[in-house]
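# Examination of the molecular architecture
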Amino acid sequence: MLEKIFGSIAKVKIMRLFIFNPDQYFTAKVIADRAKITPSQARREIGTLLKIGLIRRRINGKVQNFALNEKFELLKSLEQLLLAVSPISDKEMVQKLSRVCRLKLLVFSGIFVSNEDSKLDMLVVGDNIQRKSLERTISVFESFLGKELRYAALSAAEFKYRSNIGDRLIRDLLDYNHKVVVNRIGEFVK
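To keep things clear, this report deals only with the structure shown in the data block. (Residues numbered from 1 in each chain as written. Predicted model: local features only at pLDDT ≥ 70, side-chain atom pairs only at ≥ 80, totals over all residues. Heavy atoms only, no water.)

### Considerations on empty space enclosed by the protein
This model, assessed by the stated rule, comprises one cavity of 30 Å³ or more. Lining the largest cavity, in full, are Lys13, Leu17, Arg34, Ala35, Glu142, Ser143, Gly146 and Lys147. For the lining of the largest cavity, the secondary-structure elements that each account for two or more residues are helix 2 (9–19), helix 3 (28–35) and helix 7 (131–145). Among the residues forming the lining of the largest cavity, the class breakdown is two nonpolar, two polar and four charged. (1 Å grid on protein atoms, 1.4 Å probe; cavity = no way out; pocket = protein on both sides within 12 Å on 5 of 7 lines; lining within 4 Å. Points joined across faces, edges and corners; volume = space filled by probe spheres on them. Helix = DSSP H or I, 4+ residues; strand = E, 2+ residues; numbered from the N terminus. Nonpolar A, V, L, I, M, F, W, Y, C, P; charged D, E, K, R; others polar.)

### With respect to the packing of helix 3 against helix 4 (residues 39–52)
Viewed as axis vectors pointing N to C, helix 3 and helix 4 meet at an angle of 110°, and their least axial separation amounts to 9 Å. Relative to helix 4, the element helix 3 lies roughly perpendicular. Between helix 3 and helix 4 lies a crossing of right-handed hand. Contacts from Ala28, Ile31 and Ala32 of helix 3 reach helix 4 at Pro39, Ala42 and Ile46. Tallied by class, the residues present in the contact of helix 3 with helix 4 amount to six nonpolar, no polar and no charged. (Axes fitted to C-alpha atoms, helices over the stretch in contact; angles between N-to-C directions. Parallel < 35°, antiparallel > 145°, perpendicular 65-115°, else oblique. Left-handed = near helix turned anticlockwise from the far one by under 90°. Contact = heavy atoms within 4.5 Å.)

### Description of the pattern of salt bridges
Using the criterion set out here, one finds 11 salt bridges in the structure. Notably, a salt bridge pairs Asp167 with Arg162, separated by 3.3 Å at the nearest N-O pair. For the pair Asp167 and Arg162, a shared accessibility class is recorded, and that class is buried. One network of salt bridges, in which partners are shared, links Arg102, Lys104 and Asp127. (Salt bridge = Lys/Arg side-chain N within 4 Å of Asp/Glu carboxyl O. Buried < 20%, exposed > 50% of the residue type's maximum accessible area, 1.4 Å probe, protein only.)

### Description of the pairing of strand 1 (residues 55–60)
Two elements, strand 1 and strand 2 (residues 63–68), share six bridges in a ladder whose sense is antiparallel. Within strand 2, the residue paired with Arg57 across the bridge is Phe66. Between strand 1 and the antiparallel strand that follows it, strand 2, lie two residues; Gly61 among them carries a positive phi value of about 70°. (Pairing = 2+ DSSP bridges.)

Written as structure tokens, this is what we have:
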């Protein structure tokens, strides 16, 4: 929906990148890499966002860096809109994660439930986790979300063990605001 409102998914990805990383400067190459778009798309959308004033430019020698313009008058409204509309559905995330492991449990916290104090954004529990494929999949999610995800990936046996001993990471995740998306483990998760 957002790409229809703003004209392109590339623009939405770049806006999310800046809004959810307000203190960081990025080069055009880094923007293209993080948003998983072509350099020409990145240059075009950066130009548009500079014109409307959402981002600002800083030139350091021959290198141009871009950052969020925190004085942009519609910033809070835009941030609320981007938070309210998820760029990737839970169903799509489950489908993609199911390709990299036999998914047993998927729990969202942090960015997904507006809890900035959470140590994790996502807990993935599954068997036969293909680590490299998982990293690539998480990278795709990050390109849509505009933010690096804090995640943990555990086997089902490791999750059960850590739950039984009262592991702090697991306990903190499940004791505070979270969303269980997939639960094929049972009684360990509410």
